[in-house]
Amino acid sequence: MTRDLLAVYPRDSARDERGRLLLGGCDALELAAEHGTPAYVVAEDDLRGQARAYRDAFEAAAPGSHVSFASKAFPCTAVLRVFEQEGLGVDVASGGELALALHAGFAPERIHLHGNARSEVELAAAVDHGLRQVVIDNFDDIERLARIAAERDAVQAVSIRVTPDVRGDTHDGISTGQADSKFGLGVADAREAIARITAQPSLRLDGLHFHIGSQLLELDVFRRAVAAIAPLADAVEEVNLGGGLGVAYVADQARHLPTVEEYAQEKVRAVRELIGDRVRIADEPGRSLVGRAGVTLYGVQTVKRNVSTWVGVDGGMADNLRPMLYGARYEVQVVDRFVDPEDPAQVAAATHCKVVGKHCESSDVLVADALLDAPRAGDVLVVPVTGAYGYAMANTYNGVPRSPVVFVGGGRSRVVVRRERVEELWARDAE
Ligand SMILES: Cc1ncc(COP(=O)(O)O)c(C=O)c1O
Ligand SMILES: N[C@@H](CCCC[NH3+])C(=O)O
């Protein structure tokens, strides 16, 4: 069993004596045969372990703190149920995510609603269900939500999303904390929002919130964001620090990845030093709760040589948009013939190739610099760390039905989301 090769795989992964990948104790080749490919395979123990790591780390650093799952990262019933059972709250960003969280069993007191362009219907649903908080993003929200709550004789708890004018080191597409952002209000406008909310009898100001960006691998940026919002904090009971911790997609990132404990301690320390002991601390991680728990299995359909060697698989940009959107890097292996990229003999014998999807786009490239052991049609490939924002952003481009989600653990597998049927491509036809 080689441990290093599994540095970014779900924590209970292993390779057996024949070198075959085991996920949650299940043989990856058998999983592919049983459930078909492509398939998202999720190690349930990894999800639970991360939820506990988060809960324990924040509880140790800031007793009474509140950790929620940012459900956009993996919006499916089974994943939400796991986090509900583990005692987390949930962050929803639309009426649809709200409906899903309720369907999965979250009590409304554990749900808060985000969104930079919510409809009346979405805001009314939040009030009708009595959600824990609605996060105010702009001045229009205040007027609208106050009216909706007043019409129902309700008092809705709110927090304000502040844009702290802090830039984390991440891709532009997932950076949100800069001054020129579509999310939240700048510090001066947030001060005005505090006054307007306080003047509304149907709203109760509860918290401040920031989210600087996603896939952040350095922690110092959080202290700068806390410093930016600190002058507003007298008005609130809670500060939500917005998640954002990155995951290691490839082994070299794993060496520098902060732990959940370091992340929680750094955030809490910043709040205690710059704001004080009085405020309750909340956080809402998405990616780092689910990223490493998930892998995608693909079937190789064809291998050919046009200058490069092109390995064509049965999925691609419809099940994982991240390479195309953010130039995201991933590892890939043949599930029963791993190549050790640090072993010169294995590297020399391996095939340097591009693993590409089946979609009609030249940029449908899953891994541009793959090193595989003699890939051929019929092989099963595994791409690790696809638990976050893979299923979430899946689509049916080129009429490819969406992939199933399969939970594994203790040597057993179970389908928690079935593969979409081709008939569902026309299920919404008006006639
Ligand atoms: C408001 C908000 N909260 C939480 C998250 C979750 O962030 P991450 O997945 O980076 O932890 C996001 C997405 O980045 C977000 O927009
Ligand atoms: N979809 C993005 C993350 C979005 C962050 C949401 N605020 C990704 O895959 O990296």
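Residues numbered from 1 in each chain as written. Chains lettered and ligands numbered in written order. Predicted model: local features only at pLDDT ≥ 70, side-chain atom pairs only at ≥ 80, totals over all residues. Heavy atoms only, no water.

Peer 1: Kindly report on the site of ligand 2, identifying the contributing residues and their values.
Peer 2: Taken together, Lys 72, Ile 174, Arg 287, Arg 322, Tyr 326, Tyr 389 and Met 393 make up all the residues around ligand 2. In this structure, an oxygen atom belonging to ligand 2 sits 2.6 Å away from a side-chain N or O atom of Arg 287. Note that a nitrogen atom of ligand 2 is positioned 2.8 Å from one of the side-chain N or O atoms of Tyr 326. Residues that form the shell around ligand 2 fall into these classes: four nonpolar, no polar and three charged. (Near = heavy atom within 4 Å. Polar contact = N/O pair within 3.5 Å; in protein donor to acceptor, adjacent residues only side chain to side chain. Nonpolar A, V, L, I, M, F, W, Y, C, P; charged D, E, K, R; others polar.)

Peer 1: Provide a residue-level description of helix H6 (residues 139–151), including the pertinent values.
Peer 2: Between its first and last C-alpha atoms H6 spans 19 Å; for 13 residues at 1.5 Å apiece the expected length is 18 Å, and the two agree. Taken as a whole, H6 has its buried residues at Phe 139, Asp 141, Ile 142, Leu 145, Ala 146, Ile 148 and Ala 149. Summarising the contacts, the buried residues of H6 are in contact with helix H5 (120–129), strand S8 (133–136), strand S9 (156–161), helix H7 (187–198) and strand S10 (203–209). Measuring from the side-chain oxygen of the N-cap residue of H6 to the backbone nitrogen of Asp 140 gives 3.2 Å; that N-cap residue is Asn 138. (Helix = DSSP H or I, 4+ residues; strand = E, 2+ residues; numbered from the N terminus. Expected span 1.5 Å × (residues − 1). Buried < 20%, exposed > 50% of the residue type's maximum accessible area, 1.4 Å probe, protein only. Contact = heavy atoms within 4.5 Å.)

Peer 1: So what about the site of ligand 1? Which residues, and what values?
Peer 2: Within the structure, ligand 1 sits among 15 residues, and His 211, Ser 214, Glu 284, Arg 287 and Tyr 389 are positioned closest to it. One nitrogen or oxygen atom from the side chain of Asp 91 is found 3.4 Å from a nitrogen atom belonging to ligand 1. In the environment of ligand 1, an oxygen atom lies 2.8 Å from a nitrogen or oxygen atom belonging to the backbone of Arg 287. With the chains in place, 93% of the 390 Å² that ligand 1 exposes on its own is no longer accessible. In terms of residue class, the shell around ligand 1 is built from three nonpolar, seven polar and five charged. (Areas by Shrake-Rupley, 256 points an atom, 1.4 Å probe, with all protein chains shown as cover.)

Peer 1: Give me the environment of Ser 94: which residues, what numbers.
Peer 2: Tracing the backbone through its elements, the reader meets Ser 94 in the loop between strand S6 (89–92) and helix H4 (95–103). Sequence separation between Ser 94 and Leu 113 is 19 residues, and the spatial gap between their C-alpha atoms is 7.1 Å. Looking at Ser 94, its side chain comes within polar contact range of the main-chain nitrogen of Gly 96, at 3.2 Å.

Peer 1: Go over empty space enclosed by the protein, please, and point to the residues and values.
Peer 2: In the structure shown here, the tally under the stated rule is two cavities of 30 Å³ or more. In this structure, the largest cavity occupies an estimated 60 Å³ of space. For the largest cavity, the lining is made up of 13 residues, of which Ala 318, Asp 319, Pro 401, Arg 402 and Ser 403 are closest to its centre. Its residues assigned to classes, the lining of the largest cavity comprises six nonpolar, four polar and three charged. Estimated volume of the second largest cavity: approximately 30 Å³. Looking at the second largest cavity, the residues that line it are Met 317, Asn 320, Pro 323, Met 324, Ser 363, Asp 364, Val 365 and Leu 366. Within the lining of the second largest cavity, the residues separate by chemical class into five nonpolar, two polar and one charged. (1 Å grid on protein atoms, 1.4 Å probe; cavity = no way out; pocket = protein on both sides within 12 Å on 5 of 7 lines; lining within 4 Å. Points joined across faces, edges and corners; volume = space filled by probe spheres on them.)

Peer 1: Can you tell me about unusual backbone geometry, naming the residues and giving the values?
Peer 2: Here the bond from Thr 37 into Pro 38 is cis, since omega is -5°, no more than 30 degrees from zero. Of note, Pro 38 is situated in the loop between helix H1 (28–35) and strand S4 (39–43). Positioned with a positive phi, Gln 215 is a non-glycine residue whose angle comes to about 55°. With respect to the helices and strands, the residue Gln 215 is situated in the loop between S10 and helix H8 (220–229). Positive phi, normally seen in glycine, also occurs at Ala 374, with a value near 40°.

The quantities given are spatial measurements derived from coordinates; they are silent on function.
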